Amino acid sequence: MAFTDFSYSALQDIVGDENITNDPVLCQAYSRVQWLPHGVMQRERCGLNMRPACVVMPGSTEEVQSIVKVANRYKFPFIPRGSGFTFHAFPTQGGTVILDPKRMNRIIELNEKDMYAVIEPYVAFAQIFAEAQRYGLYVPTPLAGSQVSCLANFAWHGAYGNSWITGIGAQNLLGFELVLPDGEVVRSGSMACPDAGNFWNDGPGPDLRGFLRGGMFGHAGGMGIVTKISCKLWQFAGPEVFPTEGNANMKFSSSLGDLWRWYMIKFPFKYPEEEEQELKKSAELFYEMGKAEIGEVATHLAQQFLLTYSSVTKQDLHDNMNNNVFPQSYCVVALAGKTSLEQLEYEEKVLKAIVKKVGGVFVEEDEPAYKVWIKRAANEWIRFGNAQRLARPSDNFSIGSSNVDSIDKIVYEILASNKVEKDALEEGIGKDFVQPLSIHGGWISPQEYGYWCLHTTDVFPEQDPEQCNQAIEIIGRVGKSQFQRKSAAEAIHMLGPAYDMFGPMLGDVHLYVKALKREFDPNNISNPGFATTPDVLSDEEYRKLMGGGGH
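Residues numbered from 1 in each chain as written. Predicted model: local features only at pLDDT ≥ 70, side-chain atom pairs only at ≥ 80, totals over all residues. Heavy atoms only, no water.

Engineer: For this particular structure, what's the right way to read the packing of aromatic side chains?
Structural biologist: This structure, assessed with the given rule, holds 21 aromatic pairs. Arranged with centres 6.4 Å apart and planes meeting at 50°, the rings of Trp164 and Phe286 form a pair that is tilted. Highlighted residues: Trp164 in helix H7 (residues 163–166) and Phe286 in helix H9 (residues 275–292), separated in sequence by 122 residues. Both residues of the pair, Trp164 and Phe286, belong to the buried class. Each ring, one from Trp381 and one from Trp443, has its centre 6.2 Å from the other, and the planes form 85°; the classification is edge-to-face. Highlighted residues: Trp381 in helix H14 (residues 380–383) and Trp443 in strand E17 (residues 443–447), separated in sequence by 62 residues. Exposure class is identical for Trp381 and Trp443. Each is buried. Of the aromatic side chains, those joined through ring pairs into one cluster are Phe129, Tyr138, Phe236, Phe242, Trp260 and Trp262. (Phe/Tyr/Trp six-rings, centres within 6.5 Å; stacked < 30°, edge-to-face > 60°. Helix = DSSP H or I, 4+ residues; strand = E, 2+ residues; numbered from the N terminus. Buried < 20%, exposed > 50% of the residue type's maximum accessible area, 1.4 Å probe, protein only.)

Structure, rendered in C-alpha cells:
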C-alpha cells in the first residue's frame, strides 16, 4: 500500500485545497489518543507511522464515496475519525489517510411527532440535546461527555445515565447510511425506502444493525464510513433550557423543575465486608422497579464513580476522599413526571414501597453524600456536561472490567473482577490511583427497565509508562479470568485481532466477520485490522496470539 502525490491530487480535486492537508504539524495532531493506557504508551512512542499521510475533510456522502473509490484505486488505507476519543481511530502504518467529517455537522431533520432525529457525523450530543429540548424531547448522553459525536457513539456502543429506559446506542439507532469500503452506499431500516421516513429500524429485509456493529462494539471504521443516522429522541420532563448556575468547573444544575426528583438509596450492611449483600439487594431493587416500570434513572454507583463525577477539582476529590463523603456504594434513582405531577407522585409512592420491601433506606437531604452527589452531580448524569471529572484522579482512566448480562449475573461479575484486582494489588501491582479506587463495587447500569444490565469498573493510571503497564496488567488479568469462567464478557472483547483469538469460542463468529470483510473490503483499506483482517490466521499465528494454546 502506498500514498503518493497522485493520490493527494485526486483527493484535492474532490474536497478542494482548503479541506485537505499534509502539513506534518496538523497531521501529528491526528496521531494521538487520550483515553486508554495504550494511548499513553503510544504517545511515548509516537512515530511517523502513527502520523497520517494526510487529513481530508469531506462535506457530503458523495465526497466520502469519491474518497473511498480513490483509496481503492491507489490502494492506500483510510480511517474515519469522529471525536478521536478511542484508540482505534489513528494510523498504525504509513501512508494512511484520516477522514475527518467535521464539515458534516448538520441536524438534517428533527421530527417532534415521531420522536427521532436524522444527523450527520459531527453533530455532538450537546447540539442535538439543546435542539430537542425545545420540543420537550432529549437524547441520552454518554459518560464520555456531551461533546462527543452522537452518530459515532450510537454506531459504536454508548452507555448512558438514563439507560434504564433508553438502553445502549444500538437501541437508539433507527437507521443509517453507510459508505462501504468499496464505495457503494447501503441504507438500513425505513431509510432504505424512498419517502418512507426515518422512523423505523427493522426491514425491509434483515436488520442491518448487526452488520454495522459486529459482535458488540462496532467495526471501528473497518467496514466503511457512516455518513448519517436516524436516532430516537425521548420525552423530557424538564424545562426547554437546561438550568445551570455558575461558570466553568463551578457550574452546577441544582433542579430540573417540579416534574423531576432524585433519590439516593443505601442498604444497612457493613461496607466493604458485606459488599456482596449490598450488591444483591441493589439488584433486587432494580428487578422490583423493572416489574413496576417506574423511573427515568436507576443505577448503582460505587465509590469510584461517586467520587470522580462529583469532584469539581482535584483538591475537591481528595477532600471528599479524606472526609469519607461516600462511605459506601449507593443506588441512585430519578423519577420524572412525563405526563403529569400525578404520575410523578404515583411513582414516588411505588418507589417508597419497593425500597421498604427490599430493606433499603433513603439517604436524607442533610447527609454529606446527598449534598455532594444530588446537588452537584445528579442532573449532570442526564447531560454529562462535566465528563472530564471521570479522569479527575490522574487525568487518565481505563475500563478495568466490563460485561453485559442479567442484573444478578452482573453482581457476580463485579465481585469476581474486584477479587482479581484486589489480588493484583496485594502483589504490588497498582498503586496510587492505578487501582485502589476500583477494588470495591462498580457501575451497575440496568438497561431497558432491567431487561439486561451493563457493568464497568475503572482504573486510573498516571500518564507514564510504568503505571500504564500496571493498568494493562490489571486489565489483562481481569480479561483472562472472564474467559476462564466462561463469562458473557467474552463478547465484550470482540474487536480487531480479538475476533481471531476468541471467535472459535463464540460460534466461529470470526469466520463470518472475515467473510464480510473480504466481500466489502477486498483491498483491506478501511481501517485495516478492524473489525478483523480479511484472511483467517494460520494455526501457528493463532497459537502465538493465544500464548501457545490451540483451537
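That covers the picture; the talk isn't over yet.
Engineer: Explain the nonpolar core here, please?
Structural biologist: Nonpolar side chains tend toward joint burial in soluble globular proteins. One finds Trp260, Trp262, Met264, Leu285, Trp373 and Trp381 to be the most contacted residues of the largest nonpolar core, which totals 99 residues. The leading source of residues in this core is strand E14 (residues 330–336), at seven residues. Leaving out residues up to four positions away in the same chain, Trp260 has contacts with Tyr138, Phe236, Ala237, Glu296, Ala334, Leu335, Ala336, Leu344, Asn379 and Ile382. With 22 residues, the next largest nonpolar core counts Cys54, Val68, Val179 and Ile225 among its residues. (Core = buried A, V, L, I, M, F, W, Y, C linked by side-chain atoms within 4.5 Å. Contact = heavy atoms within 4.5 Å.)

Engineer: Would you take a moment to explain the pairing of strand E8 (residues 173–179) for this structure?
Structural biologist: By the criterion of burial, E8 is predominantly enclosed, with seven of the seven residues buried. The pairing of E8 with strand E10 (residues 225–232) spans six bridges and is classified as antiparallel. Across the sheet, residue Phe176 finds its bridge partner in E10, namely Ile229. When E8 meets strand E9 (residues 185–187), the two strands line up antiparallel, connected through three bridges. Within E9, the residue paired with Val179 across the bridge is Val185. The hairpin turn running from E8 into E9, its antiparallel successor, is five residues long, and Gly183 in that turn takes a positive phi close to 100°. (Pairing = 2+ DSSP bridges.)

Engineer: Would you explain the sheet that holds strand E6 (residues 116–119) in this entry?
Structural biologist: Pairing between the strands of a sheet comes from backbone hydrogen bonds, and it takes one of two forms, parallel or antiparallel. Taken together, five strands build an open sheet; the order of strands is E5-E6-E10-E8-E9 and the sheet is antiparallel. Here the strands that pair on one side only, and so sit at the sheet edges, are strand E5 (107–111) and E9. Between one strand axis and the next, the sheet turns by 10° as a mean value, whatever way the strands run. Bridge analysis of E5 against E6 gives four bridges, and the strand direction is antiparallel. Counterpart to Leu110 in the pairing with E6 is Ala117. Along the sheet face, helix H5 (residues 125–133) touches E5, E6 and E10 and points at about 35° away from the line of E5. (Axes fitted to C-alpha atoms, helices over the stretch in contact; angles between N-to-C directions.)

Engineer: Where do I start with helix H1 (residues 5–15) in this structure?
Structural biologist: Each α-helix winds once per 3.6 residues, and so residues spaced three or four apart point in a common direction. When we look at burial in H1, the residues that qualify are Ser7, Tyr8, Ala10, Leu11, Ile14 and Val15. On an axial view of H1, the arc spanned by its buried residues comes to 160°, and they lie on one face. Those residues of H1 that are exposed and aimed more than 90 degrees away from the buried face are Asp5, Phe6 and Asp13. Looking at the buried side of H1, the elements it contacts are strand E1 (20–21), strand E2 (54–56), helix H4 (61–74) and strand E4 (97–99). The residue sitting at the N-terminus of H1 and contributing the capping side-chain oxygen is Thr4; that oxygen lies 3.3 Å from the backbone nitrogen of Phe6. Gly16 sits one or two positions beyond H1 and adopts a positive phi of about 90°. (Arc of directions from axis to C-beta. Polar contact = N/O pair within 3.5 Å; in protein donor to acceptor, adjacent residues only side chain to side chain.)

Engineer: I'm lost on the layout of surface pockets in this one. Help?
Structural biologist: Unoccupied space between atoms shows up once a probe the size of one water molecule is rolled over them. Each pocket or cavity is described by its volume, and for the second largest pocket that value is around 390 Å³. For the second largest pocket, the lining is made up of 18 residues, of which Arg261, Trp262, Tyr263, Glu365 and Tyr370 are closest to its centre. At the level of elements, strand E12 (260–266) and helix H13 (368–376) are the ones that each hand at least two residues to the lining of the second largest pocket. Of the residues forming the lining of the second largest pocket, the biggest block, five residues, is contributed by E12. Of the residues in the lining of the second largest pocket, the class split is nine nonpolar, four polar and five charged. (1 Å grid on protein atoms, 1.4 Å probe; cavity = no way out; pocket = protein on both sides within 12 Å on 5 of 7 lines; lining within 4 Å. Points joined across faces, edges and corners; volume = space filled by probe spheres on them. Nonpolar A, V, L, I, M, F, W, Y, C, P; charged D, E, K, R; others polar.)

Engineer: In this structure, what is going on with the pattern of salt bridges? I would like to understand it.
Structural biologist: For side chains bearing opposite charge, pairing can occur when the charged atoms are close. All told, the structure shown has 21 salt bridges when counted by the stated rule. The salt bridge partner of Glu288 is Lys357, with a shortest N-O separation of 3.3 Å. Of this pair, Glu288 sits in helix H9 while Lys357 sits in helix H12 (residues 341–358); the two residues are 69 residues apart in sequence, bridging distant segments of the chain. With a relative accessible area of 57%, Lys357 lands in the exposed category. Shared partners join several salt bridges into a network, and the residues in it are Glu177, Arg187 and Lys228. (Salt bridge = Lys/Arg side-chain N within 4 Å of Asp/Glu carboxyl O.)

Don't take any of this as a statement about function, it's just geometry.
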